[in-house]
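In case you want the letters, here they are:
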Amino acid sequence: MKHLFTEKYIRGLGNDRKARLEIYDSFCPYLGCRISENGLKTYFVRKKYLGRNIRVTIGKTDEVSLEFARKKAFSLLEKIQNGVNPNEEKYELSNEITLGGFYEEYMERHVIAKTSKRNIDNSKGLYRRYLAQWKNKRLSELNMRTIEMHFNSIKRDHGIFAANQTLTMLRHMYNKAIQWGWEGRNPTTGIKKFRVEPRDRFLAPDEIQRLFSALEEEPDLVYKTFFYALLFTGQRRGNVLAMRWEDVDFKTGIWYIARTKNGTSLRVPLVEQLIIKLKELKLQSGGNPWVFPRPLNPDEHLKEPRKVWDRIKKRARLLNLRMHDLRRTVASYECMNGENLSVVSKTLNHKTLAATQVYARVDTSAVSRALQKTVNIFEQIANQKEAF
């Protein structure tokens, strides 16, 4: 199937279907867009090479532009016509390549082509803040001592998290350089990350009261429901942000997540309180497929509701609270409520009981009971009733 690709046309693809689909651009031969069962859209080139079809991935449609995809497609087609298989090709990187020069290569070939927009933005920020000072240094010039001293200074001035992320990125850049043909040694080998103490922050009863009050004062129903969904499901922020109405079954009280951080699907029980709030939100959705659409661009879901979260925290006087702490609060109160660790693990979709994991994804009754009891406790606390 062929169609003239436009950005608007690509955005609309697959919104009304769940089957896998491949469509080709009538302007650029062999450039295709693949839509997976869960709606993920990816640009690729398909062409015969030595008598067999090969497919070369270009990138996700929400991370690379159509213009970039077409330019990349023509470049890949030229390589194939010249007898080069891009999937097997290894660039012969010069031993004199600079860190700045390799950064551009690393971003184009790996980060932009194969990772999420969030990771793209994070990689750009890390390089700009902590690595760009070495952009004119040759890869072979950087040594373990220089990197370790810089690593320590980042920790001192910007914190452990920034230092560890920078080291991880630099180490991965060198590993990719070696994989792609640079003949050298990774100078980050042997440098250990700083130990990070696990965060154990969760909401105390009086803090739950303040948070509920602050949420009830939130005028925007989309944001208000989103934060309730975080607290009432215990799921990861990224999955809640990308929730679609087609994956919410009000009859069974189940929200289906096609792919989680663990790489698996998940059926999440919805407690009664959240079902009521979601039904109220759906009345004003206007047919939008996203449960939590962006205010200024309803074709996309919410990305990073940090500004709204900050004002809710300010109203609740909980300035040190992170969104992920809501997930931790659910787990903590389930434990305090007497639920065993197996049920808590299922609630959070942690892979700890591998032998029974397949059954855990199907049987949601225990998780449903645990979540309902926990959310009831939250409401009792918020209403200043005796919860324990």
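Residues numbered from 1 in each chain as written. Predicted model: local features only at pLDDT ≥ 70, side-chain atom pairs only at ≥ 80, totals over all residues. Heavy atoms only, no water.

To continue, consider the overall build of the chain. Looking only at helices and strands, the chain has 15 helices and eight strands in total. Split into buried and exposed, the 388 residues of the chain put 47% on the buried side. Restricting to contacts in the chain with at least 6 residues of sequence separation, those with at least 24 account for 59%. Here the chain has roughly 21100 Å² of accessible surface; of this, 50% comes from carbon and sulfur atoms. (Helix = DSSP H or I, 4+ residues; strand = E, 2+ residues; numbered from the N terminus. Buried < 20%, exposed > 50% of the residue type's maximum accessible area, 1.4 Å probe, protein only. Contact = heavy atoms within 4.5 Å. Areas by Shrake-Rupley, 256 points an atom, 1.4 Å probe, with all protein chains shown as cover.)

When the local axis directions of helix 3 (residues 99–114) are compared, the greatest deviation, roughly 45°, occurs at Met107. Within helix 3, the full set of buried residues consists of Leu99, Gly100, Phe102, Tyr103, Glu105, Tyr106, Met107, Arg109, His110, Val111 and Ala113. Where helix 3 is buried, its residues touch strand 5 (52–60), helix 4 (117–131) and helix 6 (160–179). (Bend = angle between axes of the 7 residues up to and from the residue.)

When pLDDT drops low, the exact placement of atoms in the prediction is not to be read closely. Averaged over all residues, the pLDDT of the chain is 85; the fraction at 70 or higher stands at 90%. Of all the helices and strands in the chain, helix 14 (residues 357–362) carries the lowest mean pLDDT, 34, while helix 10 (residues 272–282) carries the highest, 95. Confidence drops under pLDDT 50 across residues 353–363; counting only partners more than four residues distant or on other chains, this segment forms nine contacts. (pLDDT = per-residue confidence, 0-100.)

Before going further, it helps to spend a moment on the pairing of strand 7 (residues 254–257). Across a regular strand the side chains alternate sides, sitting on one face of the sheet and then on the other. Pairing analysis gives two bridges linking strand 6 (residues 248–249) to strand 7, with the strands arranged antiparallel. For Val248, the partnering residue across the bridge sits in strand 7 and is Trp255. Inspection of the sheet shows strand 7 paired to strand 8 (residues 266–269) by four bridges, in the antiparallel sense. Paired with Ile254 across the two strands is Pro269, which belongs to strand 8. (Pairing = 2+ DSSP bridges.)

Right, let's talk about the sheet that holds strand 7 for a bit. A sheet is described by the order of its strands in space; here three strands give the open sequence 6-7-8, paired in antiparallel fashion. The two strands at the open ends of the sheet, each matched to only one other strand, are strand 6 and strand 8.

Right, let's talk about the packing of aromatic side chains for a bit. Under the counting rule described, the total for this entry stands at 17 aromatic pairs. Between Phe226 and Phe227 the ring centres are 5.0 Å apart and the planes differ by 65°, which places this aromatic pair in the edge-to-face class. By relative accessible area, Phe227 is classed as buried at 1%. Relative to Phe232, the ring of Tyr228 lies with its centre 5.3 Å away and its plane at 40°, an arrangement referred to as tilted. Here Phe232 and Tyr228 lie together in helix 8 (residues 221–233), a separation of four residues that amounts to about one turn. Both residues of the pair, Tyr228 and Phe232, belong to the buried class. (Phe/Tyr/Trp six-rings, centres within 6.5 Å; stacked < 30°, edge-to-face > 60°.)

Core analysis: the biggest nonpolar cluster contains 50 residues, and Leu211, Phe227, Phe232, Phe292 and Phe378 have the highest contact counts within it. If one sorts the elements of this core by residue count, helix 8 sits on top with ten residues. Ignoring anything within four residues of it in the chain, the contact list for Leu211 reads Leu203, Leu231, Trp309, Ile312, Ala316, Leu318 and Leu326. Counting residues in each nonpolar core, the second largest holds 30 residues, with Leu139, Leu167, Ala177 and Ile191 among its members. (Core = buried A, V, L, I, M, F, W, Y, C linked by side-chain atoms within 4.5 Å.)

The subject of this paragraph is helix 11 (residues 306–316). Along helix 11, the residues that are buried comprise Val308, Trp309, Ile312, Lys313 and Ala316. Angularly, the buried residues of helix 11 cover 135° about the axis, an arc narrow enough to put them on a single face. In helix 11, those exposed residues whose orientation departs by more than 90 degrees from the buried face are Lys307 and Lys314. Among the structural elements, helix 7 (205–216), helix 8 and helix 12 (324–336) are those in contact with the buried residues of helix 11. With its phi angle positive at about 55°, Arg317 sits one or two positions after the end of helix 11. (Arc of directions from axis to C-beta.)

With that settled, the discussion passes to unusual backbone geometry. Even without glycine at this site, Tyr30 takes up a positive phi of about 75°. Residue placement: Tyr30 occurs in the loop between strand 2 (21–25) and strand 3 (31–35).

Moving on: the pattern of salt bridges. Once the charged atoms of two side chains with opposite charge are near each other, the side chains can pair. Summed over the entire model, instances satisfying the criterion amount to 20 salt bridges. Glu108 is the partner of Lys72 in a salt bridge, and the nearest nitrogen-oxygen pair spans 2.8 Å. With a gap of 36 residues between them, Lys72 in helix 2 (residues 66–81) and Glu108 in helix 3 connect regions that are remote in the sequence. With a shortest N-O distance of 3.5 Å, Glu105 and Arg109 are connected by a salt bridge. (Salt bridge = Lys/Arg side-chain N within 4 Å of Asp/Glu carboxyl O.)

Let us now look at the environment of Ile97. Following the sequence through the fold, Ile97 ends up in the loop between helix 2 and helix 3. Remark: the alpha-carbon pair of Ile97 and Ala177, spanning 80 residues in sequence, is separated by 10.0 Å. Each residue touching Ile97, except ones within four places of it in the same chain, is listed here: Phe102, Lys137, Arg138 and Leu139.

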